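Coordinate analysis (summary)
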Amino acid sequence: MRPPGYESSEWAPREPFVVAVRLPIPTPSLSTTLGAFLPPDEQARISRFRHADDRLRSAFGHILMRYLLGTLSGRSWKACRLVRDQRGRPRPERQDMDVSVAHSGEWVIAGAIRDSRIGVDVERIEDVARATLTTYISDDELADIAACNSRHRDKQSAALWCLKEAEGKLLGVGITEGLRERSFPLREAVQSRRWQWQIRGRSHVAQMDSEQRYILAVCWEGPLGPVPIDLVPWELVLRDL
Ligand SMILES: CC(C)(COP(=O)(O)OP(=O)(O)OC[C@H]1O[C@@H](n2cnc3c(N)ncnc32)[C@H](O)[C@@H]1OP(=O)(O)O)[C@@H](O)C(=O)NCCC(=O)NCCS
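The text that follows walks through the structure, step by step, so that each part is easy to find. (Residues numbered from 1 in each chain as written. Predicted model: local features only at pLDDT ≥ 70, side-chain atom pairs only at ≥ 80, totals over all residues.)

On to the sheet that holds strand E5 (residues 107-114), then. Picture the strands of a sheet paired through backbone hydrogen bonds; they go either parallel or antiparallel. The strand order across the open sheet built from four strands is E4-E5-E1-E11, with neighbouring strands paired in mixed fashion. Taken across any chain shown, the strands that pair with only one partner, and hence form the sheet edges, are strand E4 (97-104) and strand E11 (229-231). Taking each pair of neighbouring strands and ignoring which way they run, the sheet shows an average axis angle of 20°. Bridge count between strand E1 (residues 17-22) and E11: three bridges; the pairing is parallel. Residue Ala-20 lies in a different strand from E11, and its bridge partner there is Leu-231. (Pairing = 2+ DSSP bridges. Helix = DSSP H or I, 4+ residues; strand = E, 2+ residues; numbered from the N terminus. Axes fitted to C-alpha atoms, helices over the stretch in contact; angles between N-to-C directions.)

Around the ligand, the surrounding shell holds 18 residues, and the nearest of these are Ser-58, Gly-88, Arg-89, Lys-169 and Gly-174. Every element with two or more residues in the shell around the ligand is listed here: helix H3 (52-73), E4 and helix H6 (153-171). For the shell around the ligand, the per-class residue count stands at four nonpolar, nine polar and five charged. (Near = placed C-beta within 6 Å. Nonpolar A, V, L, I, M, F, W, Y, C, P; charged D, E, K, R; others polar.)

Another point: the sheet that holds strand E8 (residues 196-199). Spatially, five strands are ordered E6-E10-E9-E8-E7 in an open sheet, and the strand pairing comes out antiparallel. Only two strands of the sheet have a single partner each, and these edge strands are strand E6 (118-124) and strand E7 (190-193). Adjacent strand axes in the sheet meet at a mean angle of 25° when their direction is disregarded. As paired elements, E6 and strand E10 (residues 214-220) share seven bridges and run antiparallel to each other. Paired with Arg-124 across the two strands is Tyr-214, which belongs to E10.

And the structure:
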């Protein structure tokens, strides 16, 4: 299951391992094939989604989380079990690792980490642009957005939403509480790679896809540094099914 070039020893403790996959067009047979590899409770949950693309996104996300955990632990992904807490947060049965997943449009991203906690999110920028800023953005953040070039405002507000959701997933509260209170000083963001920005003081990065339609965020407990976000072809993830 491990793609060529990945070794579990490459990941230091508290260093995020993040993979993004652009999904194929869903077919009933693909969703059924994926579902067959998940435990019965996850299969039952996924089968309740009305749309085939939602079933595919969720099933693929769960396989992707196991794929990362298998890589980090040097074991077969099929041996990696996930449980959920009472708020729906998935976590590995092994206590020394953590995992997170997000889906939007054709993208599924997952992150895993050893000896720490992680949260990830991905959003289509035009979807976030339609949301009411004041429901999730603090007064300081609104001032930062107002001060930036109007061409970048939608990207800035999408980055904030994404950062807050990723942090909410790390904490396990999602987007149910503290969105405005958990404020990010975007003016202090430092560009660390092409399309990638880090926020000082907290371990967060936000990154855009090269077409600038989506934005993703990673939040983890550990030292700040650029995060390699690997684009992995979906066929590679499913290679060993
Ligand atoms: C978690 C949450 C932010 C997801 O947002 P979304 O935009 O709908 O979906 P995303 O694609 O970004 O992420 C979905 C994934 O987040 C994960 N997730 C769900 N609840 C989570 C939580 N509390 N913490 C961390 N991750 C969570 C799941 O793995 C889910 O994928 P899956 O359903 O295929 O397993 C949102 O649903 C939320 O805030 N939930 C609150 C949970 C809560 O308090 N529930 C109370 C029930 S008693």
